[in-house]
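Descriptive structure summary
Spelled out from the first residue to the last, the chains are:
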Amino acid sequence: MAWTRKDLLTMRELDPGEIQLLVETAASLEEIATRDIKKVPALRGKTVVNLFYEASTRTRTSFEIAGKWLSADVINFSASGSSAGKGESFLDTAKTIGAMSPDVVVVRHSSAGAAALLARELTCSIVNAGDGAHEHPTQALLDLLTIREKKGHFDGLSVAIVGDVAHSRVARSNIHAMKKLGMTVTVAGPPTLIPPNVQELGVKVSYRLDDAIRDVDVIMMLRLQHERMAGGLIPSLREYSRYWGLTLDKLSAQARPDVLIMHPGPVNRGVELSPEVADGPYSVILDQVTKGVAVRMGVLFLLAGSRGGSPA
Amino acid sequence: MTMTTSAVFARAGGTIVIRGGRVLDPSTALDATQDVLIVDGAIRELGPALPAPDGASVIDATGKVVCPGFIDMHVHLREPGLEYKETVATGTRAAAAGGFTAVCCMANTSPVNDNRSITDYILAKARTEGAVRVYPIGAVTRGLEGKALAELAELAEAGCVAFSDDGKPVMNAALYRRAMEYTLPFGAPVVSHAEDLHLAEGGAMNEGVVSTELGLPAASAAAEDVMVARDILLAELTGAHLHIAHISTAGAIRLVREARARGVHVTCEVTPHHLVLTDEQVRTYDPNVKMSPPLRTRRDTDALGEALADGTIDCIATDHAPHALSDKEGEFDRAAFGIVGLETAVPVLLDRLVRPGVLSLSTLVARLTTGPARLLNLPGGSLARGRPGDLSILDVDRELTIDPTRFLSRSRNTPFGGWSVTGGPWMTIVNGHVVWQAQ
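In this report, the structure presented in the accompanying data block is examined. (Residues numbered from 1 in each chain as written. Chains lettered and ligands numbered in written order. Predicted model: local features only at pLDDT ≥ 70, side-chain atom pairs only at ≥ 80, totals over all residues. Heavy atoms only, no water.)

On to the overall build of chain A, then. Secondary structure summary: chain A contains 12 helices and 9 strands in total. Computed over its C-alpha atoms, the radius of gyration of chain A comes to 19 Å, within 12% of the 20 Å expected for a compact globule of 312 residues. Expressed along its principal axes, the backbone C-alpha trace of chain A runs to roughly 55 × 45 × 35 Å. By the burial criterion, 57% of the 312 residues in chain A qualify as buried. Sequence separation of at least 24 residues holds for 73% of the intrachain contacts in chain A that already meet a minimum separation of 6. (Helix = DSSP H or I, 4+ residues; strand = E, 2+ residues; numbered from the N terminus. Rg over C-alpha atoms; globule rule 2.2 N^0.38 Å. Buried < 20%, exposed > 50% of the residue type's maximum accessible area, 1.4 Å probe, protein only. Contact = heavy atoms within 4.5 Å.)

This is how it looks when you write it as structure tokens:
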């Protein structure tokens, strides 16, 4: 199977074969991280621009590292300290960068649809690094790569995605990807944080943490944004943490002994995850970060690398 | 197309004979091939083979459908203050090109039409530069701020035919009740943009499975339904005439039906886009499918179509909302609400509702003529003797592709660009003068 798309915008539009290809490609690049000299020439002469309109630590850094390990020239743009701060529109800024002939633009923006907008307007490849509450496909891919390493397969696995599903692009990308790969997905949280009609995406809904995490293979905890309280969606962090925070007690009472605890980061320690769980034996949170670099190398290679060649 | 160089109202009423068309006038239940004679800008006579008076223009309308001039009771002409989006001159030309001979313009100009001087200004512009009749709608509250009543009696005296804070619902129910009571003597409805601001807060599209997939902030249909219910209760309390603007949900239709059955004086309008498009269109993230109220679901469009056919919905209005490209490009959630509608309404409705048999041609014409004319007490909307010499002549077989670059409106924000449709306006006559004709 060969990659044929110009852009990586959503998991929703990919077919299972494409998802597998992305995961396999990432897996084949993982060993670069273990080398003494972490550099391969796959993207020499290619230019990758990180266009970040939202704060980001792990995503932006891992795209930068991924590009550099593949020998691409990587340029970081952030909205502060640029013409965007002078009132230039997103579209104008993007077209300006597009006019400098990059091969790939990696975009993070608070508006859903921002990556699709760039894909329409620019001729280079676009990677969606998170658009509003829409999708974050490379996060789903690194989650999948982590799951595959720990479980060996996807088909038949069960996953609980817990927390602020309504505002989570991570949840949406994972729901689409996991369903396509034959996994069973339950979303769980207080009803105010569960998006309307989400069952129509083929997931189960649970309003009780104990029920949601019982006997699943993977528990994916989502970050609770503090502004959700201002919006009246939850009464207090205290109450949220009491009913929806994952603690060792709840885990040992309900979960399988081989469950994986995942979190896209950054973690609110003591809110959605107790420190004992975040740092405990079930947690694969740092594995996810490591896989993130491999996934982004894979994505950049498939979009910008020479067709049919071997990356490493 | 041809266009009168000077405004139609700067001249005396014209004398013109329209020969051989199928004359369709719902106000008199007329549907027959006849001639129409307009003398000095007023309907004089309908009948076979009418003699043309000296100096009369003669139009051969064989094969065309001759209707009373269409009335759009919900447009934004943007003047004064927002002339970069639209003006009275460009907006009324767009109206003429869309088959409309009269428009009602909403009050959210800058400054707001909340006092007589603004109404006078709009009417003066219409007299000197307008291509069709303009009936202003006055603000309910000063500055559309929802805090204090505008000078409603003077606005009515100046020529406002209804009152609305369109775009900004009056959240204070007590104040809205007072507005309904105060305007009772004027015989002009209060027009409600029914949207609970708390329920709708932040919403850029309809709430449902599509918004869930797209990750866009969304407002529930309940934001509209709650307000329609409130306003119906206030109309029942006060005895006022309540008109619901751009009704868009199955729930609101049910509320209006129930209220009418109880005898509450409530009327409503629907837009072409709410009839033929659904929230599925938002999947493109094209800002030209962003409007308030948002595109709803198939269940809603079905309910709207049924209500339009059975008369629960009184009229079709476009909510023509011109915006410059700079307001309608880029990120969906940051784009302005609203689309232009004057030049697409009739072609889209002929093609998508009349042609497939969802709506009869005579019902469509009724909802564009008698519907708005009766609820606003306007002189048009009928070909009875003595009525204004305003005609909308259709070519229901004309094939056209909607091309926004050729709009006469100053703005291009339409979701219908590129649509191939069959049927559209052929000629528009106002005050006995041809103000637009298809090429």
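Residues and elements named next belong to chain A. The geometry of helix α5 (residues 137-151) relative to helix α12 (residues 285-304) is characterised by a closest axis approach of 8 Å and an angle of 120 degrees between their N-to-C directions. Read as a crossing pair, α5 and α12 show a hand that is right-handed. Judged by residue contacts, Thr-138, Gln-139, Leu-141, Leu-142, Asp-143, Leu-145, Thr-146, Glu-149 and Lys-150 of α5 engage Asp-287, Gln-288, Lys-291, Gly-292, Ala-294, Val-295, Arg-296 and Val-299 from α12. Taken together, the residues of the contact of α5 with α12 break down into 6 nonpolar, 5 polar and 6 charged. (Axes fitted to C-alpha atoms, helices over the stretch in contact; angles between N-to-C directions. Left-handed = near helix turned anticlockwise from the far one by under 90°. Nonpolar A, V, L, I, M, F, W, Y, C, P; charged D, E, K, R; others polar.)

Turning next to the environment of B:Leu24. Residue and element names in this part refer to chain B. Looking at where Leu-24 falls in the secondary structure, it is placed in strand β1 (residues 16-25). Judged by its relative accessible area of 2%, Leu-24 is buried. On a C-alpha basis, the gap between Leu-24 and Leu-361 in space is 8.9 Å, while along the polypeptide they are 337 residues apart. The contact partners of Leu-24, leaving out residues within four places of it in the chain, are Leu-30, Asp-31, Val-65, Val-66, Cys-67, Pro-68, Leu-361, Ser-362 and Val-365.

A few words on the pattern of salt bridges. All names here are of chain B. Inspection of every chain in the model, using the stated rule, returns 42 salt bridges over all chains. Its salt-bridge partner being Glu-157, residue Arg-116 comes within 3.7 Å of it at the nearest N-O pair. Pair noted here: Arg-116 is in helix α2 (residues 116-129) and Glu-157 is in helix α3 (residues 152-158), with a separation of 41 residues, a long-range link. A relative accessible area of 63% means that Glu-157 is categorised as exposed. (Salt bridge = Lys/Arg side-chain N within 4 Å of Asp/Glu carboxyl O.)

We now examine the sheet that holds strand β5 (residues 158-162) of chain A. All names here are of chain A. Taken in spatial order, the 5 strands line up as β7-β6-β5-β8-β9 in an open sheet, and their pairing is parallel. Bordering the open sheet on either side are β7 (204-206) and β9 (260-262), each of which pairs with just one other strand. Here the strands of the sheet are splayed against their neighbours by 20 degrees on average, with no regard to which way each runs. Two elements, β5 and strand β6 (residues 184-188), share 5 bridges in a ladder whose sense is parallel. What sits directly across from Ala-160, in β6, is Thr-186. Each of β8 (218-221) and β9 is contacted by α5, which is oriented at about 165 degrees to β9, the strand it contacts most. (Pairing = 2+ DSSP bridges.)

With 16 residues of chain B at the interface, the matching set in chain A holds 21 residues. In total, about 1,500 Å² of surface goes out of reach between chain B and chain A, with carbon and sulfur atoms giving 53% of it. In terms of surface lost to chain A, no three residues of chain B exceed B:Thr212, B:Glu213 and B:Tyr285, which account for 37% of the buried area on that side. Put simply, chain B and chain A have 1 salt bridge between them. A:Arg12 is the partner of B:Glu213 in a salt bridge, and the nearest nitrogen-oxygen pair spans 2.2 Å. Our count for the chain B to chain A interface comes out at 9 residue pairs in polar contact (both at pLDDT 80 or more). Residue composition of the side of chain B that touches chain A, by class: 4 nonpolar, 5 polar and 7 charged. (Buried area = accessible area lost by both parts, 1.4 Å probe. Polar contact = N/O pair within 3.5 Å; in protein donor to acceptor, adjacent residues only side chain to side chain.)

Next up on the list: the packing of aromatic side chains. All names here are of chain A. In total, this model carries 6 aromatic pairs over all chains according to the counting rule given. Judged by centre distance (5.0 Å) and plane angle (85 degrees), the ring pair of Tyr-53 and Phe-90 falls under edge-to-face. Of this pair, Tyr-53 sits in the loop between β1 (47-52) and α2 (58-69) while Phe-90 is found in helix α3 (residues 90-98), placing the two residues 37 residues apart along the sequence. There is no split in this pair, since Tyr-53 and Phe-90 are both buried. (Phe/Tyr/Trp six-rings, centres within 6.5 Å; stacked < 30°, edge-to-face > 60°.)

By size, the foremost hydrophobic cluster in this structure holds 181 residues, and its most contacted members are A:Leu141, A:Leu144, A:Ile161, B:Ile18, B:Ile247 and B:Leu391. In terms of residue count, the dominant contributor to this core is α12(A) (10 residues). Those residues within four positions of A:Ile161 in sequence are excluded, and the remaining contacts are A:Ala171, A:Asn174, A:Ile175, A:Val185, A:Thr186, A:Val187, A:Ala188, A:Met220 and A:Leu222. (Core = buried A, V, L, I, M, F, W, Y, C linked by side-chain atoms within 4.5 Å.)

Residues and elements named next belong to chain B. With respect to the element layout, Asp-319 can be found in the loop between β14 (315-316) and α11 (345-354). In this structure Asp-319 is buried but unpaired, with Arg-78 as the nearest side chain of opposite charge at 7.1 Å. Not counting chain neighbours up to four residues away, the residues in contact with Asp-319 comprise His-74, His-76, Asp-166, His-246, Thr-271, Ser-292 and Ile-339. (Lys, Arg positive; Asp, Glu negative; His and termini not counted.)

The next subject is the pairing of β1(A). Residue and element names in this part refer to chain A. By the criterion of burial, β1 is predominantly enclosed, with 5 of the 6 residues buried. As defined by bridge partners, β1 adjoins strand β2 (residues 73-78) across 6 bridges and the pair is classed as parallel. Counted as the bridge partner of Phe-52 is Ser-78 from β2. Remark: the β1/α2/β2 crossover connection has right-handed handedness. Direction of pairing for β1 relative to strand β3 (residues 104-109): parallel, over a ladder of 5 bridges. (Right-handed = clockwise from strand over helix to strand, strands pointing away.)

Now for empty space enclosed by the protein. Evaluation of the coordinates by the stated rule reveals 6 cavities of 30 Å³ or more. One number sums up the size of the largest cavity: a volume of about 90 Å³. Surrounding the largest cavity, A:Arg58, A:Ser62, A:Gln139, A:Leu142, A:His263, A:Pro264, A:Gly265, A:Ile285, A:Gln288, A:Val289, A:Gly292 and A:Arg296 form its lining. If you list the elements that add at least two residues to the lining of the largest cavity, you get α2, α5 and α12 of chain A. The element contributing the most residues to the lining of the largest cavity is α12(A), with 5 residues. Each residue belonging to the lining of the largest cavity can be placed in one class, and the counts come to 4 nonpolar, 6 polar and 2 charged. Put simply, the second largest cavity is a space of about 60 Å³. Around the second largest cavity, the lining comprises 13 residues; the ones closest to its centre are B:Ile71, B:Thr101, B:Gly380, B:Gly381 and B:Asp390. (1 Å grid on protein atoms, 1.4 Å probe; cavity = no way out; pocket = protein on both sides within 12 Å on 5 of 7 lines; lining within 4 Å. Points joined across faces, edges and corners; volume = space filled by probe spheres on them.)

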